[in-house]
Amino acid sequence: MRMFVAIDLDEAMKAAVAREQQMAWRLAAQSPITFVKPEQAHLTLVFLGEVASPQCDRVITAMQEPMAGTASFDITFGGLGAFPPGGAPRVLWLGLLDGAREVIAVQRHVAHRLEALGVELEDRSFHPHLTLGRWRRSVPSDRPAPAADPRPTGTLHVDRVTLYESRLSSEGPTHIARAHALFER
């Protein structure tokens, strides 16, 4: 089963994502961008990839446990960016103006919980962001110019993380919630 852990967006933030994608549409003029469906948008914390059946059950059980010592917090999104950091961009993302420190702490908590089960995680640094879309082909000039003073796009209250199963198809991914880990305080 293909799995990941994410912070869910509420309806107001999904609407903000749709508005941001409309404004970012100008970036697709040179090179087409496949935008994430706003109703599928989320902030990925940990991508597990394919998890074998016996370990899936352990992961689901572990992700049903409350996040001890983690308090709810707010995230303010704003500012466009792209991955990779240089050359032709592949991923268009929305950054965080506030709440990045808290998101990073939650990501570390989740990663440690999963590593304790023997789950092998990606070996790359975590950069909190919300993926808006992906280029199939791009050129360096497609990269969005960084805003000197990025405007807030929306705010989200975070009080849990969700473990998802991701099923891929020709119509795009389908995400099925398998567990929620609520924050304790």
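Residues numbered from 1 in each chain as written. Predicted model: local features only at pLDDT ≥ 70, side-chain atom pairs only at ≥ 80, totals over all residues. Heavy atoms only, no water.

Bringing the layout of surface pockets into the picture now. Considered as a void within the structure, the largest pocket measures approximately 1,600 Å³ in volume. If you trace the largest pocket, you find 44 residues lining it, with Thr44, Phe47, Arg124, Thr131 and Arg134 closest to the centre. For the lining of the largest pocket, the secondary-structure elements that each account for two or more residues are β1 (2-8), β2 (33-35), β3 (42-50), α3 (100-115), β6 (130-135) and β9 (174-182). Along the lines of polarity and charge, the residues of the lining of the largest pocket split into 18 nonpolar, 15 polar and eleven charged. Volume-wise, the second largest pocket comes out at about 210 Å³. Looking at the second largest pocket, it is lined by 13 residues, and the ones nearest its centre are Glu20, Arg26, Gly79, Leu80 and Ala147. Mapped onto the lining of the second largest pocket, the elements with two or more residues apiece are α1 (11-24) and β4 (73-83). It is α1 that provides the largest number of residues to the lining of the second largest pocket, a total of three residues. Classifying every residue of the lining of the second largest pocket gives eight nonpolar, two polar and three charged. (1 Å grid on protein atoms, 1.4 Å probe; cavity = no way out; pocket = protein on both sides within 12 Å on 5 of 7 lines; lining within 4 Å. Points joined across faces, edges and corners; volume = space filled by probe spheres on them. Helix = DSSP H or I, 4+ residues; strand = E, 2+ residues; numbered from the N terminus. Nonpolar A, V, L, I, M, F, W, Y, C, P; charged D, E, K, R; others polar.)

Moving on, we come to the environment of Val103. With respect to the secondary-structure elements, Val103 resides in helix α3. Residues Val103 and Leu168, 65 residues apart in the sequence, show an inter-C-alpha distance of 27 Å. Beyond its immediate stretch of four places on either side in the chain, Val103 contacts Ile7, Leu43, Leu45, Phe73, Ile75, Leu96, Phe126 and Pro128. (Contact = heavy atoms within 4.5 Å.)

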